[in-house]
Amino acid sequence: MLQRCLIALAVLLAAPALAQERLPIIDTHVHYSQPAWGVHDPQAVLKAFDEAGVSCAMVSSSPDEGTLTLQKLAPERIVPVLRPYREGVTSSNWFADEATPAYLEERLNRGAYKGIGEFHLFSEGSAATPVVRKVVEMAVARDIVVHVHSGVGPVRVLLATDPRLKVFWAHAGMSESPDTVAEILGRHSRVMTEVSFRAGEIGGDGGISPAWRTLFLRYTDRIMIGTDTYVTSRWDSYGRLIDEHRKWLTHLPKAAAEAIAWRNAQRLFGACAGRQLTN
């Protein structure tokens, strides 16, 4: 009997600190774009957040009306970010479209957007256009982030354009290594990142990658969670996408897990400000 009790106690002590808790999450990479509107109405989106334990979300959409619809329905839960994409302007040409700065300026003057993006930059050249330089100027003037989907090269170009720029690096570079992400975070205090699409390599074996764990513990205050609902089908599996992140978060110390799960987004973007985050 004593032996069984000791074994049970050892198992409990070895369990991750957060294994029995359902961490609230602030999702910092959500799109509610036009193809999803007819499949998942705004109330269904909020229900998906509720079921997944997502307290708030940073949302950008193509076109912007998707974001504004959600924000109008639940202003305390939706943090709006402004995308340059609209009819005829997509990830492949926005950075060369001369009308993009005026479009962004007009929309930014209307509302309390927390950032510009998510936008794609596929090369260092696309990050160095006059259009992108104007976008950098806008973001710096308003003290808001640019949410950029790119490899490390375009990020370096953006930071060289104006060192005051706040960069929110989507997907931790998508395919960049933890060492590369650490290098950028170490060199540039105004860079933050989110790890949408990276859950598989972070914790694909049911644990947590040592390299990623080192990154998380070194830069705990600048890393956040995201799902990237860029296609409608990802709304169908939204809860699973969140749970993939929750699994590896259980292998971090409680303070670090909470910071990455929601505290950083609340502090840096005002997400869920004033709301009690419990699940």
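Residues numbered from 1 in each chain as written. Predicted model: local features only at pLDDT ≥ 70, side-chain atom pairs only at ≥ 80, totals over all residues. Heavy atoms only, no water.

1. With respect to helix α4 (residues 65–73)
- If you check which residues of α4 are buried, you get Gly 66, Thr 67 and Leu 70. Along the axis of α4, the buried positions cluster into a sector of 100°, meaning they face one direction only.
- Residues of α4 that are buried in the fold lie against α2 (34–37), α3 (42–52), β2 (54–59) and β3 (78–80). (Buried < 20%, exposed > 50% of the residue type's maximum accessible area, 1.4 Å probe, protein only. Helix = DSSP H or I, 4+ residues; strand = E, 2+ residues; numbered from the N terminus. Arc of directions from axis to C-beta. Contact = heavy atoms within 4.5 Å.)

2. Focus: the nonpolar core
- Residues Phe 49, Trp 94, Ile 116, Phe 216, Trp 248 and Leu 249 are the most contacted members of the largest nonpolar core, which totals 88 residues.
- Here Phe 216 is in contact with Val 195, Ile 202, Ile 208, Ile 223, Trp 248, Leu 252 and Ile 260, once residues within four sequence places are set aside. (Core = buried A, V, L, I, M, F, W, Y, C linked by side-chain atoms within 4.5 Å.)

3. Things to note about α3
- Those residues of α3 that sit buried are Val 45, Leu 46, Ala 48, Phe 49 and Ala 52. Axial view of α3: buried residues confined to an arc of 150°, hence all on one face. Opposite the buried face of α3, at more than 90 degrees from it, the exposed residues are Gln 43, Lys 47 and Glu 51.
- Packed against the buried residues of α3 are β1 (25–30), β2, α4, β3, α11 (233–236) and α12 (238–249).
- Remark: Gly 53 follows α3 within two positions and exhibits a positive phi of approximately 75°.

4. Here we look at the packing of aromatic side chains
- Using the criterion set out here, one finds nine aromatic pairs in the structure.
- On the basis of an interplanar angle of 35° and a centroid distance of 5.8 Å, the ring pair of Trp 212 and Phe 216 is categorised as tilted. Here Trp 212 pairs with Phe 216, and both are found in helix α10 (residues 210–218), just four residues apart, close to one helical turn. Both residues of the pair, Trp 212 and Phe 216, count as buried.
- For the ring pair Trp 235 and Tyr 238, a centre distance of 5.3 Å and an interplane angle of 25° mean the geometry is stacked. Across this residue pair, the class does not change: Trp 235 and Tyr 238 are buried. (Phe/Tyr/Trp six-rings, centres within 6.5 Å; stacked < 30°, edge-to-face > 60°.)

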